[in-house]
Amino acid sequence: MMLNTVRRFGVSHALRATTPRSISARLATQLPKWQAPLTLSSIAAPRSLHSSFPRMSAATAEAVVEETETSKPALITEFADLASGNLIHNSIIKNIIQADRMNLKTMTEVQSLTLHEIVKGDDILAQAKTGTGKTLAFLVPTLQNILNDPSVDLSRVGRRSARTGPSEIRALIISPTRELAEQIAVEARKAAFGTGLVVQTAVGGTQKRAGLAKIQQEGCHLLIGTPGRLKDIFSDPWTGVSAPKLNTLILDEADRLLDQGFAPDIEEIQTLLPSPTKVDRQTLMFSATVPREVMQMVRQTLKPNFKHVNTVREDEVPTHVRVPQKLVYTRGLENSLPALLELAQNWQARRDNGEQLRPFKAIAYFNSTAETKIAADAFNAIARSFEFRKSSMANMRMLEINSRLTQALRTRSADNFRKAREGILFSSDVTARGMDFPDVTHVVQVGVPRDRETYIHRLGRTARAGKEGEGWLFMHRAEQDVYRKRLGRLPLKLDTELQTADADLAQTFSNDTQVGEIINKITEGLAQCDDATKVKSYMGQLGTTTGNFNSKREAIQALNQMFTIGYKMQTLPELSPRLTQQMGLNRADGVSMGNGSRQRREGGFSRGGDRGGFSRGGDRGGFSRGGDRGGFSRGGDRGGFSRGDRGERSFGRGDRGSSRPRRSFDDSFGDDSFRF
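Residues numbered from 1 in each chain as written. Predicted model: local features only at pLDDT ≥ 70, side-chain atom pairs only at ≥ 80, totals over all residues. Heavy atoms only, no water.

What follows is about the layout of surface pockets. In this structure, the largest pocket occupies an estimated 990 Å³ of space. Lining the largest pocket are 37 residues; nearest its centre among them are G133, T135, Q183, E187 and D436. Elements that contribute at least two residues to the lining of the largest pocket include exactly α7 (134-148), α8 (178-192) and α18 (407-419). For the lining of the largest pocket, a count of residues per class yields 11 nonpolar, 12 polar and 14 charged. (1 Å grid on protein atoms, 1.4 Å probe; cavity = no way out; pocket = protein on both sides within 12 Å on 5 of 7 lines; lining within 4 Å. Points joined across faces, edges and corners; volume = space filled by probe spheres on them. Helix = DSSP H or I, 4+ residues; strand = E, 2+ residues; numbered from the N terminus. Nonpolar A, V, L, I, M, F, W, Y, C, P; charged D, E, K, R; others polar.)

Now the structure itself:
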């Protein structure tokens, strides 16, 4: 019967539920010399674990099965049971199970199915839903493997003279965003407490120098970082940081790291690491999704006999199918913020009326950093008002995360939102992947996201850990075509309950009605935002809006209406002739065109920013606003737009720019960073 099974389904199907520890020597001769002997785990369910390895004859396969089917070990499901056979260090187990530490008892499926495989040294491609414990799934066995390395000297741990060098890195974890890297590091330090292992981070932003100094001074066993920063460190011999003894490489959110944005950085980082032909290296890839287009990179990166652990069941309803999702059409771009406030107030009113609802805790996603900032500024201004502080929403926190904030501020906002019982987190896409925020009741997406995957990953921040949640999409009617193209098959249902979404904000409203009260609150909040922030918001939406709308003319009209009616600004921002031509806006009605004749020496006006503010006109100028080293720069021979920390979004135009549309992802800013 077993022979028939092998002939019909192939050897991998027949062996999935076996543990051929005793067949390693027999199969080793069939593998390349650099490759570890083939083993298969018994802990995987038949549909969950797949192995890629050379074909065998049916007779050989039958003999293998007969030899190994009696040696099947038990599946470990409790962290406390990892102590048996000294599988995992006692300190790590205590850190996980003790109530005053991580307080975890039962292992999740992805943790159970991968732990033995990783400890044995196998390459793994693990697919599991967000929120199922993927981080601990790779951290626990990786920390144990470092402890098992005889070249790691921990005998002097705790003594003043003990020191680990910056070239003692044994494991490297690559994450697509700073936030996720920091979150992984927090978990790693908790799990490694008391073992003597040194965990460090390497991320972009203001912590770059401080992070490098810590690695140089304290050394490192486990390094967690973002692609760009890791590439910078390993490629610069002056840092003194290297990994000649690296034995584990981990790609978290592997689908994101292997797409066209990060793939070149990942490939370059691998060239800076020891060659796997000289130093045997284990590679682990963890992801919620494994798109077909990244499988080629997977096969190029992992050893031929890698294990594919898939805990996403075919009969399991994914988040983007089971979570209620609602679509709201807005009359104009300026209606999104009133609609968001109305959504929060309606939920609170239902709770006040006795409905058993959890406190309103939402993440509001925007397609540009500038939109995120002005929304957060306006809502924070509302939250400071006397009327709001006396209402039942007084405890609602208004927090912000975007790529222009320093890493310290981003981390603080993330921590505060995790702890908050109720609140709104205004976010760009830097929190859309892998970030765990408990008890999120709503995910609100303002504007159609750039693709289906982005929408799904954002939505995945709610309905976690068995709790319910809702998804909302606010979009202008002129975005219908791109909505149908990108998201048309997703189960969004039209909702018309939010009255402010369709209100004409050009009118004057009385506070006697709910609609009027909400719109006036938003107007007052926006009035406290500075003009530079409003201009940045306008410019930040130029690329996304013109790409989402049916026509560029409609996009410009909607932006102008938002700026004049929503923001109450009198004069539209001027766009240089070069910029409008390169963006294809030179024939669009309503574009405010600068004549480009104003010289650099005339100055214009300057506001805000560490090195600039606004600067108009001139050979190298255009507008320059805000940001650590610039903000926006438009027009001129060396112009284009440049924003944020050395160009978080860069519309490179001018003699040294490029008019070809392209997307470039920068690790420092995660999903929030791309070019047009």
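Read on for the rest.
Three or four residues apart is the spacing at which side chains of an α-helix point the same way, because the helix has 3.6 residues per turn. Burial in helix α9 (residues 208-218) covers these residues: G211, L212 and I215. All buried residues of α9 lie within an arc of 95 degrees about the axis, which places them on one face of the element. Facing away from the buried surface of α9 by more than 90 degrees, the exposed residues are R209 and Q217. The first or second residue beyond α9 is G219, which carries a positive phi of 80 degrees. (Buried < 20%, exposed > 50% of the residue type's maximum accessible area, 1.4 Å probe, protein only. Arc of directions from axis to C-beta.)

Attention shifts here to unusual backbone geometry. You will see that N103, though not glycine, has its phi angle at about 60 degrees, which is positive. With a relative accessible area of 42%, N103 lands in the partly exposed category. Within the chain, K568 stands out as a residue other than glycine whose phi angle is a positive 60 degrees. With respect to the helices, strands and loops of the structure, K568 is situated in the loop between α23 (552-566) and α24 (577-582).

Turning our attention to the confidence of the model for the protein chain. Confidence in the prediction for the protein chain averages 78 pLDDT; 73% of positions are at 70 or higher. For the stretch residues 1-47, pLDDT sits under 50, and the model shows 102 contacts to residues farther than four places along the chain or on other chains. Residue range residues 53-57 is modelled with pLDDT below 50. Its contacts to residues more than four positions away, or to other chains, number 15 contacts. (pLDDT = per-residue confidence, 0-100. Contact = heavy atoms within 4.5 Å.)

A few words now on the pairing of strand β12 (residues 423-427). A regular strand places its side chains on the two faces of the sheet in alternate fashion. The element β12 is extensively covered by neighbouring structure, given that five of its five residues are classed as buried. Burial along β12 is two-sided: the residues G423, L425 and S427 and I424 and F426 are all buried. Bridge count for strand β10 (residues 361-366) against β12 is five bridges, and the pairing is parallel. In the sheet register, K361 faces β12, and the bridge partner there is G423. (Pairing = 2+ DSSP bridges.)

Another point: the packing of helix α15 (residues 336-352) against helix α21 (residues 514-527). The contact between α15 and α21 brings their axes to 9 Å, and the two run at 125 degrees. In terms of orientation, α15 and α21 fall into the oblique class. Taken as a pair, α15 and α21 cross one another with a handedness that is right-handed. Along the contact surface, α15 presents L337, P338, L341, E342, Q345 and N346, while α21 presents Q514, I518, I519, K521, I522 and L526. (Axes fitted to C-alpha atoms, helices over the stretch in contact; angles between N-to-C directions. Parallel < 35°, antiparallel > 145°, perpendicular 65-115°, else oblique. Left-handed = near helix turned anticlockwise from the far one by under 90°.)

What the seven strands build is an open sheet, ordered β11-β12-β10-β13-β14-β9-β15; its pairing is parallel. The open sheet terminates on both sides in strands that have one partner only, identified here as β11 (397-401) and β15 (492-494). For this sheet, the mean inter-axis angle between neighbouring strands, taken without regard to orientation, is 25 degrees. Relative to strand β14 (residues 470-476), strand β9 (residues 325-330) runs parallel, the two being bridged by six bridges.

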